[in-house]
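Summary of structural features
Below are the chains, spelled out letter by letter.
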Amino acid sequence: MIRDTAALPNEEDVCLQESVDSKAILRIIESHNGELGGLIAILEEIQAEYGYLPEKSLRIVSDKTGCSMVDVYGVATFYRSFSLKPRGKHLILVCLGTACHVRGAPRVIEEFERQLGIKAGQTTEDKEFTLDTVNCLGACALGPVVVIDGHYFSKVRKSRVSQLLEGAQNGFGKLQIEKDKRIFPLHVSCPHCNRSLNDETFTIDGQPSIRVTISSDHKQGWLRLSCLYGSYNFASEFDVSTETAVSFLCPHCGVEFTSTLDCSVCAAPMVPMLVDGGGIVQICSRRGCKNHMLDLI
Ligand code: FES
């Protein structure tokens with residue numbers, strides 16, 4: 001087989017002594033046959049199984065899906081959530097972008113390094129934690145930002161590090177979401193100008209809707225979403241066809257809501273909004289995809 005080796009990782013970047021259950025990989029591939037964003041979903045499941053993407057599994061994916069190895073590696077290396085090297089059960093990302101840096105991120109990462117006994121880019125010996133850095137997560141006003149297992153934490157101070165490590169091991173994400181009384185309804189604001197997006201003049205589900213401006217196919221108009229977390233009811237000034245990804249803009253300042261995060265289901269860009277009281281809600285920008293994330297602080 002001829003490979004474009006220039007696009008593939010160095011040997012030291014992959015684990016060559018891999019034990020991969022080929023039948024399990026084939027089952028994963030078959031379960032996503034023909035799905036929108038199928039390759040990403042397949043790689044996510046393999047990573048969930050092994051904690052990383054073994055090279056052998058990528059070869060099977062390439063053979064069975066018809067995607068070239070270059071394409072498979074392209075996806076595996078493009079998304080930060082994928083790893084070609086074994087990593088810990090919990091992934092900690094500390095933002096070292098300019099805004100987070102000046103707000104004290106270096107002290108936060110030093111504290112993680114001290115408590116875990118590793119340096120950024122390394123995994124603890126017990127394979128519990130991998131610590132890494134990122135350049136900007138698109139939530140600069142809330143820095144320093146730390147993401148643990150996909151959950152965002154804002155304005156993190158070094159005094160909070162031990163609590164975050166404990167929370168990761170106890171599965172803080174699920175506990176917070178189930179117990180937190182602030183979840184219904186959500187009051188949100190623009191991540192750029194901080195003005196409220198809740199609109200009392202237009203209700204959905206009996207609550208003030210969340211008003212944003214959407215842009216698609218050279219058209220621009222309002223979109224109102226239910227502010228009840230878990231409700232997908234909405235009203236729109238113009239129709240958007242299913243599976244179309246649209247741009248979301250603030251109706252006050254006109255700036256687009258952008259995120260460095262792509263949807264883990266369909267790979268469309270996620271749309272971040274600030275939750276009053278602290279936190280970020282992110283929804284998928286593709287019509288019909290219900291993927292969303294809520295992180296309360
Ligand atoms: S610099 Fe950290 S979120 Fe932008």
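Before reading on, note that the structure itself is shown above.
The next point concerns the overall build of the protein. Looking only at helices and strands, the protein has eight helices and 13 strands in total. A buried classification covers 35% of the 297 residues belonging to the protein.

By size, the foremost hydrophobic cluster in this structure holds 55 residues, and its most contacted members are Ile 92, Val 94, Val 145 and Val 146. Taken domain by domain, the makeup of this core includes at least three residues from each of domain 2 (91-174) and domain 3 (188-296). In contact with Val 94, other than residues within four places in its own chain, are Ala 105, Val 108, Ile 109, Phe 112, Thr 133 and Val 146. Counting 18 residues, the second-largest nonpolar core is a separate cluster that includes Leu 43, Tyr 52, Met 69 and Val 72.

So, about the pairing of strand 1 (residues 90-95). Within a regular strand, the side chains alternate between the two sheet faces. By the criterion of burial, strand 1 is predominantly enclosed, with six of the six residues buried. Burial along strand 1 is two-sided: His 90, Ile 92 and Val 94 and Leu 91, Leu 93 and Cys 95, pointing in opposite directions, are all buried. When strand 1 meets strand 2 (residues 129-134), the two strands line up parallel, connected through six bridges. Within strand 2, the position partnered with Leu 91 by the bridge is Thr 130.

Let us now look at the pairing of strand 7 (residues 207-216). Across four bridges, the pairing between strand 6 (residues 198-204) and strand 7 is antiparallel. Residue Asn 198 lies in a different strand from strand 7, and its bridge partner there is Ile 210. Linking two consecutive strands that pair antiparallel, namely strand 6 and strand 7, is a turn of two residues; a positive phi of about 60° is found at Asp 205 within it. The sheet contact formed by strand 7 and strand 8 (residues 219-225) spans seven bridges and is antiparallel. Within strand 8, the position partnered with Thr 213 by the bridge is Trp 222.

Further remarks concern helix 7 (residues 161-170). By the burial criterion, the buried members of helix 7 are Val 161, Leu 164 and Ala 168. Projected onto a plane normal to the axis of helix 7, the buried residues spread over an arc of 60° and lie on a single side. Opposite the buried face of helix 7, by more than 90 degrees, sit the exposed residues Ser 162, Gln 163, Glu 166, Gln 169 and Asn 170. In the stretch just after helix 7, Gly 171 is the one whose phi turns positive, near 75°.

Moving on, we get to the environment of Met 69. Along the chain, Met 69 turns up in helix 4 (residues 69-78). Judged by the 20 C-beta atoms lying within 10 Å of it, Met 69 falls in the buried class. Separated by eleven residues in the primary sequence, Met 69 and Leu 58 place their C-alpha atoms 7.4 Å from one another.

With that out of the way, let us pick up the sheet that holds strand 4 (residues 151-153). In a beta sheet, neighbouring strands pair by backbone hydrogen bonds and run either parallel or antiparallel. Judged by pairing direction, the sheet is mixed, and its four strands sit side by side in the order 2-1-3-4 without closing on themselves. In this open sheet, the two strands that pair with only one neighbour each are strand 2 and strand 4. Pairs of neighbouring strands in the sheet enclose a mean axial angle of 20°, with direction left out of account. Inspection of the sheet shows strand 1 paired to strand 3 (residues 146-148) by three bridges, in the antiparallel sense. Its bridge partner being in strand 3, Ile 92 is matched across the sheet by Ile 148. Lying over the sheet, helix 6 (residues 105-116) contacts strand 1, strand 2 and strand 3, oriented at roughly 155° with respect to strand 1.

This next bit is on the packing of helix 6 against helix 7. At a minimum axis separation of 10 Å, helix 6 and helix 7 run at an interaxial angle of 60°. Overall, the two elements helix 6 and helix 7 adopt an arrangement that is oblique. The handedness of the crossing between helix 6 and helix 7 is right-handed. Along the contact surface, helix 6 presents Val 108, Glu 111, Phe 112 and Gln 115, while helix 7 presents Val 161, Ser 162 and Leu 165. Residue composition of the contact of helix 6 with helix 7, grouped by class: four nonpolar, two polar and one charged.

What follows is about the environment of Val 275. Within the secondary structure layout, Val 275 lies in strand 11 (residues 270-275). The exposure class assigned to Val 275 is buried, which follows from the 20 C-beta atoms found within 10 Å. Separated by 88 residues in the primary sequence, Val 275 and His 187 have C-alpha atoms spaced 5.9 Å apart.

The rules behind the values
Residues numbered from 1 in each chain as written. Predicted model: local features only at pLDDT ≥ 70, side-chain atom pairs only at ≥ 80, totals over all residues. Helix = DSSP H or I, 4+ residues; strand = E, 2+ residues; numbered from the N terminus. Buried ≥ 20, exposed ≤ 12 C-beta atoms within 10 Å, placed from the backbone. Core = buried A, V, L, I, M, F, W, Y, C linked by C-beta atoms within 7 Å. Domains from an automatic or database assignment. Contact = placed C-beta atoms within 7 Å. Pairing = 2+ DSSP bridges. Arc of directions from axis to C-beta. Axes fitted to C-alpha atoms, helices over the stretch in contact; angles between N-to-C directions. Parallel < 35°, antiparallel > 145°, perpendicular 65-115°, else oblique. Left-handed = near helix turned anticlockwise from the far one by under 90°. Nonpolar A, V, L, I, M, F, W, Y, C, P; charged D, E, K, R; others polar.

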